[in-house]
Amino acid sequence: MKTEHQRTALITGANKGIGKEIARQLAQQGFAVFIGARDMAKGRETAEEFCQQGYEATFIQLDVTDPVSIRTACGTFSQKADHLDVLINNAGILEDHGETILRLNVEMLERTLKSNVMGPILVTQDFADFLAKSPSGGRVINVSSGAGALNDMTTYAPAYSISKTALNAVTRQFAGAFKAQNIVVNCVDPGWVRTDMGGPGANRTVEKGAETIVWLATEAPNHETGKFWHDKQEVD
Ligand code: NDP
């Protein structure tokens, strides 16, 4: 008799905003979701909220800027699951406040690259063995931004913009490196979403912002890899 395997997903920065909504939608589809959050209280609260709704959710403390935290999270994960089907590198920061590239604060650039680029690289590296064990083929989705598109570079938020362009390059690099292991890697511009980062004036709900990410995690053809997506369409 063939038994369905329990699908698992780890979402970084899942205690609020787009990450929390991605976790909610995947949990609704039957995934055991791992709520990655750097703040223990916020992460626990989110996991408990989902469990009370009847979903399978586990909090994993994970600060994407701290290699020790990532390794510890990997150890915690290994006590609960032996494979990872979906990794969503969602955690990110936007610190720019009206700077232009002419006066870019390099300390801010460094912090932004650490969270938005090095974080996803380290998390993906450390969870690669679990992704390779996914019976259906591992899927990694990096949450990027329209601000990372080279064909639409404005002078807005240069540190953030540079970090997301780099994340798109990281996506392609991992897609190539993971081909033999049947792991696909894509990145997504979720649009302008009403969250703490996007602000109250943004034109999208978190449900809409999570849509293409969840589609790539579950439904998109599994030959799609190394691409940058917006509203289920590939963009340059
Ligand atoms: P929020 O600011 O609402 O949430 C960001 C999440 O990332 C929080 O859970 C935050 O944790 C977490 N986080 C930040 N730094 C770290 C870290 N070092 N380790 C672990 N978690 C961390 O943002 P959004 O939900 O809007 O953004 C989610 C993603 O979507 C980001 O990558 C963002 O760049 C991208 N995006 C958002 C857009 C928008 O309009 N909102 C547009 C385009 C892209 P904590 O609560 O502890 O701060």
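Residues numbered from 1 in each chain as written. Predicted model: local features only at pLDDT ≥ 70, side-chain atom pairs only at ≥ 80, totals over all residues.

Chemist: Please clarify how the site of the ligand should be interpreted in this entry.
Modeler: The ligand sits among 29 residues. The nearest are Gly13, Gly17, Gly92, Thr195 and Gly198. The dominant element in the shell around the ligand, judged by the number of residues it contributes, is helix α1 (residues 17-28), at three residues. For the shell around the ligand, the per-class residue count stands at 11 nonpolar, 12 polar and six charged. (Near = placed C-beta within 6 Å. Helix = DSSP H or I, 4+ residues; strand = E, 2+ residues; numbered from the N terminus. Nonpolar A, V, L, I, M, F, W, Y, C, P; charged D, E, K, R; others polar.)

Chemist: What is the right way to read the confidence of the model for the chain from this model?
Modeler: Fine structural detail should not be taken from predicted coordinates in areas where pLDDT scores are low. Per-residue confidence for the chain averages 96 on the pLDDT scale, and 98% of its residues sit at or above 70. Model confidence for the complex is summarised by a pTM of 0.98, with the ipTM given as 0.99. (pLDDT = per-residue confidence, 0-100.)

Chemist: Please clarify how the packing of α1 against helix α6 (residues 206-218) should be interpreted in this entry.
Modeler: A packed helix pair is summarised by two numbers, namely the angle formed by the two axes and the spacing between the axes. Their axes nearest at 9 Å, the elements α1 and α6 cross at an angle of 55 degrees. Between α1 and α6, the interaxial angle falls into the category oblique. When you trace α1 past α6, the crossing you get is right-handed. Residues Gly17, Ile18, Glu21, Ile22, Gln25 and Leu26 of α1 form the contact with α6, whose own contacting residues are Val206, Glu207, Gly209, Ala210, Ile213, Val214 and Ala217. In terms of residue class, the contact of α1 with α6 is made up of eight nonpolar, three polar and two charged. (Axes fitted to C-alpha atoms, helices over the stretch in contact; angles between N-to-C directions. Parallel < 35°, antiparallel > 145°, perpendicular 65-115°, else oblique. Left-handed = near helix turned anticlockwise from the far one by under 90°. Contact = placed C-beta atoms within 7 Å.)

Chemist: Would you take a moment to explain unusual backbone geometry for this structure?
Modeler: Keep in mind that most residues, glycine aside, have a negative phi and that most peptide bonds are trans. Of note in this structure, Asn182 is not a glycine but carries a positive phi near 60 degrees. With respect to the helices and strands, Asn182 occurs in the loop between α5 (158-177) and β6 (184-188). Look at Asp231: it is not a glycine, yet its phi comes out positive at around 45 degrees. Position of Asp231 among the secondary structure elements: in the loop between β7 (228-230) and β8 (233-235). A tally of 13 C-beta atoms within 10 Å means that Asp231 is categorised as partly exposed. (Buried ≥ 20, exposed ≤ 12 C-beta atoms within 10 Å, placed from the backbone.)

Chemist: Explain the sheet that holds β8 here, please?
Modeler: In a beta sheet, neighbouring strands are held together by backbone hydrogen bonds and run either parallel or antiparallel to one another. Pairing in this open sheet of eight strands is mixed, and the strands run β3-β2-β1-β4-β5-β6-β7-β8 from one edge to the other. The sheet terminates laterally at β3 (57-61) and β8, the two strands that pair on one side only. Across the sheet, the mean angle separating the axes of adjacent strands is 25 degrees when strand polarity is ignored. Relative to strand β2 (residues 32-37), strand β1 (residues 8-11) runs parallel, the two sharing four bridges. Note that in β2 the partner of Thr8 across the bridge is Ala32. (Pairing = 2+ DSSP bridges.)

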